[in-house]
2 protein chains.
Amino acid sequence: MKRTHPGALREILATNLRRIRAEKGLSQDALADLCEIDRTYISGVERGLRNVSIDTLERLATGLRLEPWLLIRRPDADR
Amino acid sequence: MKRTHPGALREILATNLRRIRAEKGLSQDALADLCEIDRTYISGVERGLRNVSIDTLERLATGLRLEPWLLIRRPDADR
DNA sequence: TTGTGACTTGCAGTCCGTC
DNA sequence: GGACGGACTGCAAGTCACA
């Protein structure tokens, strides 16, 4: 695969997604099922290889039952 | 143009972007300059016609000097 | 100053696998 | 359970002329 890797935001998404998914006790496969997104794609997102669109971000958030913006928010809160 | 139009999240982005840009007193052209994104592309985003990727979202946020997640946050805060 | 249609190109997103 | 590869389709990305 080895896609392009330019944005810092994908790293944040990657980390958040992996953490939240783990907290919910879901496998990538299970989440893929909930979101109706391919499992290999989820894998790519969690490794920061994929440049996700906001439509897809929304589907991920819906599958996880949370607000989309929580997935791209920085862990350490500053302005 | 009339691109596809499925996500609710783009409506939120559209509204937020237009509001915030106006608050900063920027024209689409001026913002396009700051973000290094084409003016017509921004126009499409502000009308919810474009399914923006998070890399692009990041560039918009950088141009506006704010956190990316603020652009996709719902105005009225509930769950 | 912004909206819009038309266009090309590269990659988002899916599906089949293996390790 | 997850990382990773190959091949494919559709659409995001990016630009233009004009209203």
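Definitions and limits used
Residues numbered from 1 in each chain as written. Chains lettered and ligands numbered in written order. Predicted model: local features only at pLDDT ≥ 70, side-chain atom pairs only at ≥ 80, totals over all residues. Heavy atoms only, no water. Phe/Tyr/Trp six-rings, centres within 6.5 Å; stacked < 30°, edge-to-face > 60°. Helix = DSSP H or I, 4+ residues; strand = E, 2+ residues; numbered from the N terminus. Buried < 20%, exposed > 50% of the residue type's maximum accessible area, 1.4 Å probe, protein only. Lys NZ or Arg CZ within 6 Å of the ring centre and 35° of its normal. Salt bridge = Lys/Arg side-chain N within 4 Å of Asp/Glu carboxyl O. Core = buried A, V, L, I, M, F, W, Y, C linked by side-chain atoms within 4.5 Å. Contact = heavy atoms within 4.5 Å. UniProt positions renumbered as here; feature names shortened; annotations may be inferred. Buried area = accessible area lost by both parts, 1.4 Å probe. Polar contact = N/O pair within 3.5 Å; in protein donor to acceptor, adjacent residues only side chain to side chain. Axes fitted to C-alpha atoms, helices over the stretch in contact; angles between N-to-C directions. Parallel < 35°, antiparallel > 145°, perpendicular 65-115°, else oblique. Nonpolar A, V, L, I, M, F, W, Y, C, P; charged D, E, K, R; others polar.

In the nomenclature of an unreviewed UniProt entry, chain A corresponds to Transcriptional regulator, XRE family from the organism Methylorubrum populi.

Trainee: Before we move on, can you summarise the packing of aromatic side chains with the specific residues and values?
Mentor: How two aromatic rings sit relative to each other is set out by the distance from centre to centre and by the angle between their planes. Scanning the entire structure with this criterion turns up one aromatic pair over all chains. With a centroid separation of 5.1 Å and an interplanar angle of 25 degrees, the aromatic rings of tryptophan 69 of chain A and tryptophan 69 of chain B are classed as stacked. Placement of tryptophan 69 of chain A in the segment after helix H4 (54–64) and of tryptophan 69 of chain B in the segment after helix H4 (54–64) is noted, with the two residues assigned to different chains. Since its relative accessible area comes to 11%, tryptophan 69 of chain A is described here as buried. When the ring centre of tryptophan 69 of chain A is taken as origin, the NZ or CZ atom of arginine 73 of chain B, which lies over that ring, is 4.5 Å away.

Trainee: Before we move on, could you go through the pattern of salt bridges and cite the residues and values that matter?
Mentor: Throughout the structure, instances matching the rule amount to ten salt bridges over all chains. Residue glutamate 46 of chain A is joined to arginine 21 of chain A by a salt bridge in which the shortest nitrogen-to-oxygen separation is 2.6 Å. Of this pair, glutamate 46 of chain A sits in helix H3 (residues 39–46) while arginine 21 of chain A sits in helix H1 (residues 9–23), placing them 25 residues apart in sequence. Glutamate 23 of chain B serves as the salt-bridge partner of arginine 19 of chain B, at 3.4 Å between the closest nitrogen and oxygen. One end of the pair is arginine 19 of chain B and the other is glutamate 23 of chain B, both in helix H1 (residues 9–23) and four residues apart, which spans about a single turn.

Trainee: Outline the nonpolar core, supporting the account with residue identities and numerical values.
Mentor: Within soluble globular proteins, side chains that are nonpolar tend to cluster in buried spots. Judged by nonpolar contacts, the single largest core of 42 residues is most densely connected at Leu71 of chain A together with Leu71 of chain B. Mapped by element, the contributors of at least two residues to this core are H1, helix H2 (28–35), H3 and H4 of chain A together with H1, helix H2 (28–35), helix H3 (39–46) and H4 of chain B. Other than its neighbours up to four places away in sequence, leucine 71 of chain A contacts Ile12, Leu13, Asn16, Leu17, Ile20, Leu57, Leu60, Ala61, Leu64 and Leu66 of chain A.

Trainee: Talk me through the UniProt feature "domain: HTH cro/C1-type" (unreviewed entry) in chain A; I want residue IDs and the actual numbers.
Mentor: Under the local residue numbering, the UniProt record ascribes the feature "domain: HTH cro/C1-type" (unreviewed entry) to residues 17–70 of chain A. In residues 17–70 of chain A, helix accounts for 63% and strand for 0%; the two terminal C-alpha atoms are 9 Å from one another.

Trainee: Could you give an account of the interface of chain B and chain A, with specific residues and numbers?
Mentor: Contacts between chain B and chain A engage 22 residues on the former and 20 residues on the latter. Of the roughly 2000 Å² buried between chain B and chain A, counting both surfaces, carbon and sulfur atoms make up 59%. Among the residues chain B hides against chain A, the three largest losses belong to Leu9, Ile54 and Trp69 of chain B. Together they make up 33% of the total. Residue arginine 10 of chain A pairs with aspartate 55 of chain B through a salt bridge whose shortest N-O separation is 2.6 Å. On inspection of chain B and its partner chain A, the count reaches 14 residue pairs in polar contact (both at pLDDT 80 or more). Elements supplying a minimum of two residues to the side of chain B that touches chain A: H1 and H4 of chain B.

Trainee: For unusual backbone geometry, give the residues involved together with the corresponding values.
Mentor: Residues and elements named next belong to chain A. Phi is positive for glutamate 36, which is not a glycine, with a value near 55 degrees. By the secondary structure assignment, glutamate 36 is in the loop between H2 and H3. Accessibility expressed as a relative area gives 65% for glutamate 36, which makes it exposed. The backbone phi angle of arginine 65 is positive, close to 60 degrees, even though this residue is not glycine. Take arginine 65: it is sitting in the segment after H4. The exposed category is assigned to arginine 65, whose relative accessible area is 69%.

Trainee: I'd like a rundown of the packing of H4 of chain A against H1 of chain B, residues and numbers included.
Mentor: Between H4 of chain A and H1 of chain B, the shortest axis-to-axis distance is 9 Å and the interhelical angle comes to 120 degrees. In terms of orientation, H4 of chain A and H1 of chain B fall into the oblique class. Along the contact surface, H4 of chain A presents Ile54, Asp55, Leu57 and Glu58 of chain A, while H1 of chain B presents Leu9, Arg10 and Leu13 of chain B. For the contact of H4 of chain A with H1 of chain B, the per-class residue count stands at four nonpolar, no polar and three charged.

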